[in-house]
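Chain residues, written in single-letter form:
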Amino acid sequence: MLPWFKNDAFPLYLAPMAGVTDLVFRRLCKELGADVMVTEFVSAEGIMQADERTRIYTEFDDAQRPVGVQLFGADGPRMAEAAKKIIDWKQPDFIDINFGCPVKKVVSKNGGSSLLKDCPTLAHVAESIAKGVGDRVPVTAKIRIGWDQHLINAPEVCHILEDCGMQAIAVHGRTRAQGYSGEADWEVIDQCSRAVSVPVIGNGDITSGADVARRRATTGVSGVMIGRAAMAYPWLFREAKEYLATGLVPPTVALEERWTFILRHARLLVEWGKFPGERYAMQSLRSRLMAYTKGLKGGKFLRQRFSTVSSVAELEDLAAEHLDSVAHLEEDDADDSETMLLVDPT
Ligand SMILES: Cc1cc2nc3c(=O)[nH]c(=O)nc-3n(C[C@H](O)[C@H](O)[C@H](O)COP(=O)(O)O)c2cc1C
């Protein structure tokens, strides 16, 4: 059994999110209590060509362990080669195979969720990687519940993946056709967890510690994976742990602490040195800043200002201004309808 599931640990995974869960954000979420990390997906080809961007996507530090590197592709033997290469480079704690990505660019090359409707190829990919990697590191998979409402086959797919040697399976409770619309179907996730003996990690729409506790109590999942809610409110990991331990809902994180976190995020991103300069780092942070405004007083004001922010100093000034003026802002200014990035940017 993977060590992070031992003793009924019920790990909280940070969901892989392209353009979001980079080295810096993973580090911050780890500090806030996320147990297991998965890098955003990288193409097997990118790894084979030692592409620089791919290297950046897969970077992690030891404090983030256990960390998995997520691969997508449709050519099993080639993906196995890529998996071995990434193990040589980084020695991740596991390799994760993406069978859930709905994005056209991936699906049109028969990667991601397209394999949910081609189980023989899915099995070939999973088996090739598991055999290729051998006992160097465990291999896991992430799937959706099916291709569309007419093909909800996740329990069967979980069986296949277990037979192919996957040591844990994360199930996002939506079909490929749903994208991010509708609600995650936790009944199907539960069926998956009861269909196999390897741990199933439930994923979809978790936004509070109470959600985590409810899914733990009412399904057979061995852990949960949190994505979009962590993007807006990474303290969720800490709060979920507290809720699981005590049954109490901690008070929402104060504005000062939020700003300290946001400024640290910005500084770490700039220090990381993966952008040609501070300006580029801050530009790439803008959409992330927008997500942090969800539910905040003065959110509209902040979003306007975030759309042009281009230095840490500017962000510091903005923090001071916001903290100073927030007492005078209207409660209903916390409109956050456009803050959640529901669309995978890849
Ligand atoms: C911006 C964004 C990028 C994503 N990128 C990936 C990815 O690279 N690999 C993957 O398996 N899933 C990816 N996902 C899906 C998430 O891992 C997760 O399954 C989904 O958001 C549902 O969980 P949630 O309701 O907690 O957000 C992405 C989702 C979002 C919103």
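About the cut-offs
- Residues numbered from 1 in each chain as written.
- Predicted model: local features only at pLDDT ≥ 70, side-chain atom pairs only at ≥ 80, totals over all residues.
- Domains from an automatic or database assignment.
- Contact = placed C-beta atoms within 7 Å.
- Helix = DSSP H or I, 4+ residues; strand = E, 2+ residues; numbered from the N terminus.
- Nonpolar A, V, L, I, M, F, W, Y, C, P; charged D, E, K, R; others polar.
- Expected span 1.5 Å × (residues − 1).
- Buried ≥ 20, exposed ≤ 12 C-beta atoms within 10 Å, placed from the backbone.
- Arc of directions from axis to C-beta.
- Near = placed C-beta within 6 Å.

Undergrad: Account for the domain arrangement of the protein chain, naming residues and giving values.
TA: We note that the domain assignment places domain 1 (3-246) and domain 2 (255-333) within the protein chain. For domain 1 versus domain 2, the distance between C-alpha centres works out to 29 Å. Counting from both sides, the interface comprises 8 residues of domain 1 and, opposite them, 9 residues of domain 2. Counting residues per element, the side of domain 1 that touches domain 2 draws most heavily on helix α1 (residues 23-31), which supplies 3 residues. Here the residues of the side of domain 1 that touches domain 2 are counted per class, giving 8 nonpolar, no polar and no charged.

Undergrad: Would you mind going over helix α12 (residues 255-272) in detail, with residue names and values included?
TA: Look at α12: 25 Å from first C-alpha to last across 18 residues, which is about the 26 Å you get at 1.5 Å a residue. Inspection of α12 places Arg-258, Ile-262, His-265, Ala-266, Leu-269 and Val-270 among the buried residues, and these make up the whole buried set. Considered in projection along α12, the buried side chains sweep an arc of 125° and stay on one side of the axis. The outward face of α12, more than 90 degrees from its buried face, is lined by the exposed residues Glu-256, Glu-257 and Glu-271. Contacts from the buried residues of α12 go to α1, α13 (278-292) and α15 (312-325). Positive phi shows up at Gly-273, right after α12, with a value of about 75°.

Undergrad: Hey, could you go over the site of the ligand for me, with residue numbers and the actual values?
TA: Neighbouring residues of the ligand: 25 residues in total, closest Ala-15, Met-17, Phe-41, Gly-227 and Arg-228. Here the shell around the ligand is composed, by residue class, of 12 nonpolar, 8 polar and 5 charged.

Undergrad: Any chance you could break down the environment of Lys-142 for me, citing the residues and the numbers?
TA: Secondary-structure assignment places Lys-142 in strand β6 (residues 139-146). A count of 29 C-beta atoms within 10 Å places Lys-142 in the buried class. Once the C-alpha coordinates of Lys-142 and Glu-81 are considered, the two residues, 61 residues apart in sequence, prove to be 20 Å apart. With residues up to four places along the chain from it excluded, the contact list for Lys-142 reads Asp-96, Asn-98, Phe-99, Gly-100 and Ala-170.

Undergrad: Report on helix α6 (residues 119-133), specifying residues and quantitative values.
TA: For α6, which comprises 15 residues, the first-to-last C-alpha distance of 21 Å matches the rise-based estimate of 21 Å (1.5 Å per residue) to within 8%. When α6 is considered as a whole, its buried residues turn out to be Leu-122, Val-125, Ala-126, Ile-129, Ala-130, Gly-132 and Val-133. The elements touched by buried residues of α6 are α4 (76-90), β5 (94-99), β6 and α7 (154-163). Taken from the residues just after α6, Gly-134 is the one with a positive phi, measuring 60°.

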